[in-house]
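Coordinate analysis (summary)
Letter by letter, the chains look like this.
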Amino acid sequence: MIKKGSKINSILTGSCPRCQNESMYLDKNPLHLSKVLKMNENCSHCGLKYHLEPSFFYGAMYVSYGLNVGIGIAAFIVSFVFFETTIEQSFLAIIITLIVLFPFVLRLARNLYINMFVSYNPKTDQK
């Protein structure tokens, strides 16, 4: 389906963007909210340091903002146009959707952000 080596594979699985052999996160399940942002320091396979610089993932907030705006617009269109709800009900649908998808968007934003700066390298078999 999605082959190893593609950015989409790394983004959707949360794997190391350089070698794609292990998860960047200590707990793969984003629904464990207390551990949703807990990451390994380095990839144990290729040695990539995930925090490329101090406060690196602050930039992921901008990616998260864009994702949340897109999700909010989609939730509004689905509820208002397809289900013909009122404006108030549509905004409630947006709020509920964003709350439910929060941990997934948080991780997806981090995955997208680090994949903007690190590319797959199949020759990273040792540290």
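Quick look at the structure, then. (Residues numbered from 1 in each chain as written. Predicted model: local features only at pLDDT ≥ 70, side-chain atom pairs only at ≥ 80, totals over all residues. Heavy atoms only, no water.)

1. Considerations on the overall build of the protein chain
Note the threshold: Each helix is a run of H or I in the DSSP string that is no shorter than four residues. Each strand is a run of E no shorter than two, and both are numbered from the N terminus. Contact criterion: two residues are considered in contact whenever any of their non-hydrogen atoms come within 4.5 Å of each other. Each accessible area is a Shrake-Rupley estimate made with a 1.4 Å probe; only the visible protein chains count as cover when residues are assessed. Note on charges: Lys and Arg go in the positive column, Asp and Glu in the negative column, and His and the chain ends are not counted at all. Where a charge lies is defined by one atom per residue type: Lys uses NZ, Arg uses CZ, Asp uses CG and Glu uses CD.
Scanning the protein chain for helices and strands turns up 3 helices and 0 strands. Going from N to C terminus, the protein chain has its helices and strands arranged as α-α-α. Here the C-alpha coordinates of the protein chain stretch approximately 55 × 30 × 25 Å along the principal axes. Expressed as a percentage of contacts within the protein chain between residues at least 6 apart in sequence, the contacts between residues at least 24 apart total 60%. As presented, the protein chain carries roughly 8,200 Å² of accessible surface, and 65% of it is formed by carbon and sulfur atoms. Measuring between centres, the 12 positive side-chain charges of the protein chain sit 12 Å from its 7 negative side-chain charges.

2. Re the state of the cysteines
The test is simple: The definition used for a disulfide is geometric: two cysteine sulfur atoms within 2.5 Å.
Taken as a whole and judged by the stated rule, the model has 0 disulfides. Not engaged in a disulfide, the cysteine C43 finds its nearest cysteine sulfur in C19; these two sulfurs lie 3.5 Å apart.

3. A short note on the environment of C46
This is how the line gets drawn: With a 1.4 Å probe rolled over the protein chains alone, any residue whose accessible area is under 20% of its type maximum counts as buried; one over 50% counts as exposed, and the rest are partly exposed.
One can find C46 in the loop between α1 (7-13) and α2 (60-82). Given the relative accessible area of 5%, C46 is considered buried. C-alpha of C46 to C-alpha of P17: the two residues are 29 residues apart in sequence and 10 Å apart in space.

4. Details of the nonpolar core
Cut-off, in case you're wondering: We call a set of buried residues a nonpolar core when its members are Ala, Val, Leu, Ile, Met, Phe, Trp, Tyr or Cys and they connect through side-chain atoms within 4.5 Å of each other.
Residues C16, C43, L48, Y50, F57 and I114 are the most contacted members of the largest nonpolar core, which totals 17 residues. At the level of secondary structure, the elements contributing two or more residues to this core comprise α2 and α3 (87-117). Per-element tally for this core: the top contributor is α3, with 3 residues. Not counting residues up to four positions away in its chain, the partners in contact with F57 are M39, Y50, H51, R110, Y113 and I114.

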